[in-house]
Amino acid sequence: MTTPFQRRPGFLPFSKPTIRQAEIDEVVDSLKSGWITTGPKAQKFEEAFAAYTGFPIALALSSATAGLHIGLMALGIKPGDEVITTPMTWVATTNMIEVLGAKPVLVDIHPDTLQIDEAQVAAAVTPRTVGILPVHFGGAPCHMDPLMEVARKHGLWIFEDAAHGVGTLYKGRHVGCFDRLGVFSFHPIKNMTTAEGGVLVLRDEAMAKTLRALRFHGLEKQAWNRYAEGGTAQVEVIMPGFKYNFMDLQAAIGLPQLASVNDFNNRRRELAALYQDLFADVPELQLPVMPAYGHHATWHLYPVRVKEAFGMNRDAFMTELKARNVGTGIHFKAVHTHPYYQQKYPGLEKVLPHATWVSERICSLPLFPAMTEDDVRYVVAAVKDILARRTGH
Ligand SMILES: *Cc1c(COP(=O)(O)O)cnc(C)c1O
């Protein structure tokens, strides 16, 4: 006899940041210190992030979207240029290409791993192509070797969207800067957070100089140096820039987060493994598939695809889970299915069959470090209850 399903009393969100006393203490320390915007903690965070990933330079920013924006500018992108990227991403990736007047050329994904299809990337290169913007989807890496090969062959840059990838390894190396540039996000749903925030990683000091200027009004010097003892009050604009700086208040959250991100990621991996196990007898869901090449995944998401055999569509599945107090998300509604992109680049549904199929069926189930194994068991029980009660079965 199996026990009947019982609805849990509290709502289980699909994601939740892990904020502990350590983060609170650091924020209070910053508030009391007088340095609340960009200052010594922001610099310390950049050094710690560079050390963690192993890249020479890390530039922290107000968001990963800001990093995509000024990163593309520093790479010299101009109107008419083409950038090859994936439709299975948050729209920030393609929006930043669009706002600079360039064209995101969307290619299809591998239907199993949901990573960008490197053969499609190679086939999409034209004389107008300037770079490749791959996304390490869900915290697993995309296949960098063949992408690097395409870039080398055609003289293209690669700018990695590693928003999901703090701690992600490809063949033993941290993702982010296999080529020129990479960006990570610290939005609250990501694997570590600074409330809002992001960071660019790179190797080239000349490019870093441009990026530091673009990040802060086009100034040659950082504002906090200017006010520090011995600093000069003179500041000069070397180019028109933005205000995308990273506050010490953000760094105060980020420093203890970064120190624990491996623990957070290990916990995500354990919980995801439990889901994989418990869903093994539910063929109505397509479970996440990891790539065959060498990798270390950080399980940013636990996305299932609701197959026809489930007997209801993805949106109905989400509604049923919500009725059982389980939160879910969609990562992602494919870029080419958003109205702006649909109107500007019509007909891509047929060109991108895998992304189109996935976009309509993908659903992220709850996964965050503070979840318990009982929470995972509850989600699985809720799914099995929905299956048992679906109409017509
Ligand atoms: C979250 C995300 C971004 C944007 O990050 P922000 O820090 O919110 O600007 C970019 N790309 C992908 C793939 C993301 O998931």
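To be clear, the structure that these remarks concern was listed above.
Residues numbered from 1 in each chain as written. Predicted model: local features only at pLDDT ≥ 70, side-chain atom pairs only at ≥ 80, totals over all residues. Heavy atoms only, no water.

Enquirer: It is not clear to me how the site of the ligand should be interpreted in this structure. Could you clarify?
Expert: Neighbouring residues of the ligand: 15 residues in total, closest Thr 65, Asp 161, His 164, Ser 185 and Lys 190. Within the side chain of His 164, one N or O atom sits 2.7 Å away from an oxygen atom of the ligand. When the free accessible area of the ligand is taken as 380 Å², the share hidden by the protein chains comes to 93%. Here the ligand occupies the largest pocket. Grouping the constituent residues of the shell around the ligand by class yields five nonpolar, eight polar and two charged. (Near = heavy atom within 4 Å. Polar contact = N/O pair within 3.5 Å; in protein donor to acceptor, adjacent residues only side chain to side chain. Areas by Shrake-Rupley, 256 points an atom, 1.4 Å probe, with all protein chains shown as cover. 1 Å grid on protein atoms, 1.4 Å probe; cavity = no way out; pocket = protein on both sides within 12 Å on 5 of 7 lines; lining within 4 Å. Sits in = over half its atoms within 2 Å of the grid points. Nonpolar A, V, L, I, M, F, W, Y, C, P; charged D, E, K, R; others polar.)

Enquirer: Got a minute to help me understand the layout of surface pockets in this structure?
Expert: To find the voids left in a structure, one rolls a probe of water-molecule size over its atoms. In this structure, the largest pocket spans a volume of roughly 390 Å³. The wall of the largest pocket is formed by 26 residues, among which Trp 90, Ala 92, Ser 185, Lys 190 and Phe 332 lie closest to the centre. When contributions to the lining of the largest pocket are tallied by element, the ones reaching two or more residues are α3 (64-74), α4 (92-99) and β8 (181-185). When residues of the lining of the largest pocket are assigned to their parent elements, the largest contribution, three residues, is made by α3. Class assignment of the residues belonging to the lining of the largest pocket gives a composition of 11 nonpolar, 11 polar and four charged. Mapping the lining of the largest pocket onto the domain boundaries places at least three of its residues in each of domain 1 (21-257) and domain 2 (261-391). (Points joined across faces, edges and corners; volume = space filled by probe spheres on them. Helix = DSSP H or I, 4+ residues; strand = E, 2+ residues; numbered from the N terminus. Domains from an automatic or database assignment.)

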